[in-house]
Amino acid sequence: MTPGRPPPRPAPEPAPTADQATEDAMSNATTVSPAHSASTASTLITNIAALVTNDPSLGWGSPRSSKFESGGGSPLGLIQDAAVVIEGDHVVWTGDQSKAPATDNRVDAGGRAVLPGFVDSHSHLVFAGDRTQEFNARMSGRAYSAGGIRTTVAATRAATDAELEAGLTRYLAEALRQGTTTFETKSGYGLTVEDEARALRIAAAHTDEVTYLGAHIVSPDYPDDPAGYVSLVTGEMLDACAPYARWIDVFCEKGAFDGDQARAILMAGKAKGLHPRIHANQLSYGPGVQLAVELDAASADHCTHLTAEDVDALANSRTVATLLPGAEFSTRAEWPNARRLLDAGVTVALSTDCNPGSSFTSSVPFCIALAVRDMRMTPDEAVWSATAGGAAALRREDIGRLTPGACADLILLDAPSHVHLAYRPGVPLVSGVWRRGTRVA
Ligand code: NIG
Ligand code: FE
């Protein structure tokens, strides 16, 4: 990770249920000692064929990793025949299994791969309804446009709080089963003061990584007055939303908000203590990436249409480029040029963008497979981007790695190597998930 990032924040996730907490045995792996809940007891997870630590100083070399080759090894810090010790909700030891310390409990990973839980740093999970017909029309040749968001705004406004929360919980459970242990999510389908604030309130009950996106599109209530809507977003709506959010986001795009409007919105959010991230350069070239760098946004998301100047600006900043291949898949759009970004030295994150319009997938493994097959990322790069990259996009140092001091967020794959995430696309390989030291899936 880039040096000089802010210090880690406290663990944000809700506690798992008690019955989950008492279950420590993994399916398809041998638990040698009795089950226990996440407490101060230490647990050794051993017989790991390949362990992804994301600490390059720990691992053996990678065959091809442009950005990190000069560092002499894989970005993943891979250790073979490895073990991890977790104590309470943190990792306390990582290394060669033959050197592992004594622990209270022991779990046999059965020669499988273990990696950090996925960090999905971009999703839109507080919504109602779906857009099956719109997707169907696209697959018959119609183009994607920002206008479809209005369909979800109408359905979301009509939904009860309980319906919105039930939807969120359902998509989170889906994501967790597929290895996501930290997620960010946004408002953006309410577009009134009350509806944006309630979306954020509901989201904040499930994660600390909450983003105010009142500037998703100009509200349908302001058809001829975009400036009036920007005033609302930067005024009364911001006041109502800021208490629930860490981040502020804008969809900077033709048909949504231009560069000047986006700057005004993000600056207002900054003044209220929110930190920027931007939907930038998704559907066309535009000012989003440059604005993200200018404002030290944590992330510029999508980055599908980039000029050489945009790539340079990202490479000389600490703004992460978050690539969202589910969106290109589901809108039949051209792929972002991940190789160009990586070769220029840009920090790249991979996320789902899970939303009912442009990318209705909660699966990080699916995005990894797309990134490798269609965006020319190596499997190592894609796995790094979906773990440490996501953490960088959220300016977090306590997640996305398996080294002493990190949160004990781990995935066990039913495969001997992380490469199988791309090699075996569509196969549910995630066979165990620990979050904050407790097995939750
Ligand atoms: O990230 N681009 C803007 N927002 C979403 C799509 C939202 C929608 O179509 O409902 C995205 O792709
Ligand atoms: Fe998005």
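Values in this document were obtained by computation on a predicted structure and should not be read as measured data.

## Quick notes on the overall build of the chain
Then step 1. Along the backbone of the chain there are 15 helices and 17 strands.
Then step 2. For the chain, buried positions account for 55% of its 441 residues.
Then step 3. A separation threshold of at least 6 residues defines the contact pool for the chain, and within that pool the share at least 24 residues apart is 72%.

## Brief notes about the confidence of the model for the chain
Then step 1. In this model, the chain carries a mean pLDDT of 90, and residues with pLDDT of at least 70 account for 88%.
Then step 2. This stretch, residues 1–37, has a pLDDT under 50; its non-local contacts, to residues over four places away or in other chains, come to 72 contacts.
Then step 3. Throughout residues 61–72 the model reports pLDDT below 50, and contacts reaching past four residues in sequence, or to other chains, amount to 21 contacts.

## Comments concerning the site of ligand 1
Then step 1. Ligand 1 sits among 14 residues. The nearest are Ile149, Phe251, Asn355, Gly357 and Ser358.
Then step 2. Of the residues that constitute the shell around ligand 1, the class distribution is four nonpolar, nine polar and one charged.

## Comments concerning the pairing of strand β3 (residues 79–87)
Then step 1. The pairing of strand β2 (residues 42–51) with β3 spans seven bridges and is antiparallel. Each bridged residue has a counterpart across the sheet, and for leucine 44 the counterpart in β3 is valine 85.
Then step 2. Hairpin connection from β3 to strand β4 (residues 90–96): two residues lie between these consecutive antiparallel strands, with glycine 88 at a positive phi of about 60°.

## A short note on the sheet that holds strand β9 (residues 210–215)
Then step 1. Read across the open sheet, the seven strands follow the order β8-β9-β10-β11-β12-β13-β14; overall the sheet is parallel. Either end of the sheet is taken by a strand with one partner, and the two such strands are β8 (185–186) and β14 (348–350).
Then step 2. Running over the sheet, helix α5 (residues 193–204) touches β8 and β9 and is turned about 165° from β9.
Then step 3. Strands in contact with helix α14 (residues 379–393) are β12 (299–302), β13 (320–323) and β14; relative to β14, the strand with the most contacts, it is inclined by about 105°.

## Side note on the packing of helix α4 (residues 161–177) against α5
Then step 1. Packing of α4 against α5 leaves a shortest axis separation of 10 Å and a crossing angle of 45°. Here α5 runs oblique to α4, going by the angle between their axes. Pair α4 / α5 crosses with right-handed handedness. The segment α4 lies against α5, with Asp161, Leu164, Glu165 and Leu168 engaging Arg198, Ala199, Ile202 and Ala203.
Then step 2. Along the lines of polarity and charge, the residues of the contact of α4 with α5 split into five nonpolar, no polar and three charged.

## Side note on the nonpolar core
Then step 1. Counting residues in hydrophobic clusters, the biggest one holds 131 residues, and the most contacted among them are Leu51, Val84, Val114, Ile368 and Ala371.
Then step 2. If you tally residues by element for this core, the top one is α14, at eight residues.
Then step 3. Sequence-distant contacts of isoleucine 368, that is, excluding residues within four places in its chain, are made with Leu350, Ala382, Val383, Ala386, Leu421 and Ala422.

## Thoughts on the environment of threonine 331
Then step 1. By the secondary structure assignment, threonine 331 is in helix α11 (residues 325–331).
Then step 2. A tally of 20 C-beta atoms within 10 Å means that threonine 331 is categorised as buried.
Then step 3. For threonine 331 and serine 145, which are 186 residues apart along the polypeptide, the C-alpha to C-alpha distance reads 9.2 Å.
Then step 4. The contact partners of threonine 331, leaving out residues within four places of it in the chain, are Arg138, Tyr144 and Ser358.

## A look at the environment of glycine 95
Then step 1. Structurally, glycine 95 can be placed in strand β4.
Then step 2. The exposure class of glycine 95 is partly exposed, given the 18 C-beta atoms found within 10 Å.
Then step 3. Sequence spacing of glycine 95 and glycine 59 is 36 residues, and the spatial spacing of their C-alpha atoms is 9.4 Å.
Then step 4. With near-sequence residues (within four places) excluded, glycine 95 lies in contact with Ile79, Ala82, Ala83 and Ala100.

## Focus on the environment of leucine 370
Then step 1. Here leucine 370 is to be found in helix α13 (residues 364–374).
Then step 2. Judged by C-beta crowding, with 24 C-beta atoms within 10 Å, leucine 370 ranks as buried.
Then step 3. Every residue in contact with leucine 370, bar those within four places of it in the chain, is listed here: Pro325, Phe329 and Met375.

## Remarks on unusual backbone geometry
Then step 1. Phi angles above zero are rare outside glycine, and asparagine 54 is one such case at about 65°.
Then step 2. Within the secondary structure layout, asparagine 54 lies in the loop between β2 and β3.
Then step 3. Exposure remark for asparagine 54: the 25 C-beta atoms within 10 Å place this residue in the buried category.
Then step 4. A positive phi angle, close to 55°, is found at asparagine 281, a residue other than glycine.
Then step 5. Relative to the helices and strands, asparagine 281 is located in the loop between β11 (275–280) and α9 (288–294).
Then step 6. On the basis of neighbour count, asparagine 281 is assigned to the buried category, with 26 C-beta atoms found within 10 Å.

## As for α14
Then step 1. Along its 15 residues, α14 runs 19 Å from first to last C-alpha, staying within 8% of the 21 Å computed at 1.5 Å per residue.
Then step 2. At serine 385, α14 shows its maximal kink, close to 40°.
Then step 3. Most of α14 is tucked away, with 15 of its 15 residues classed as buried.
Then step 4. Just past α14, the residue arginine 395 takes up positive phi, approximately 50°.

Procedures and definitions
Residues numbered from 1 in each chain as written. Chains lettered and ligands numbered in written order. Predicted model: local features only at pLDDT ≥ 70, side-chain atom pairs only at ≥ 80, totals over all residues. Helix = DSSP H or I, 4+ residues; strand = E, 2+ residues; numbered from the N terminus. Buried ≥ 20, exposed ≤ 12 C-beta atoms within 10 Å, placed from the backbone. Contact = placed C-beta atoms within 7 Å. pLDDT = per-residue confidence, 0-100. Near = placed C-beta within 6 Å. Nonpolar A, V, L, I, M, F, W, Y, C, P; charged D, E, K, R; others polar. Pairing = 2+ DSSP bridges. Axes fitted to C-alpha atoms, helices over the stretch in contact; angles between N-to-C directions. Parallel < 35°, antiparallel > 145°, perpendicular 65-115°, else oblique. Left-handed = near helix turned anticlockwise from the far one by under 90°. Core = buried A, V, L, I, M, F, W, Y, C linked by C-beta atoms within 7 Å. Expected span 1.5 Å × (residues − 1). Bend = angle between axes of the 7 residues up to and from the residue.

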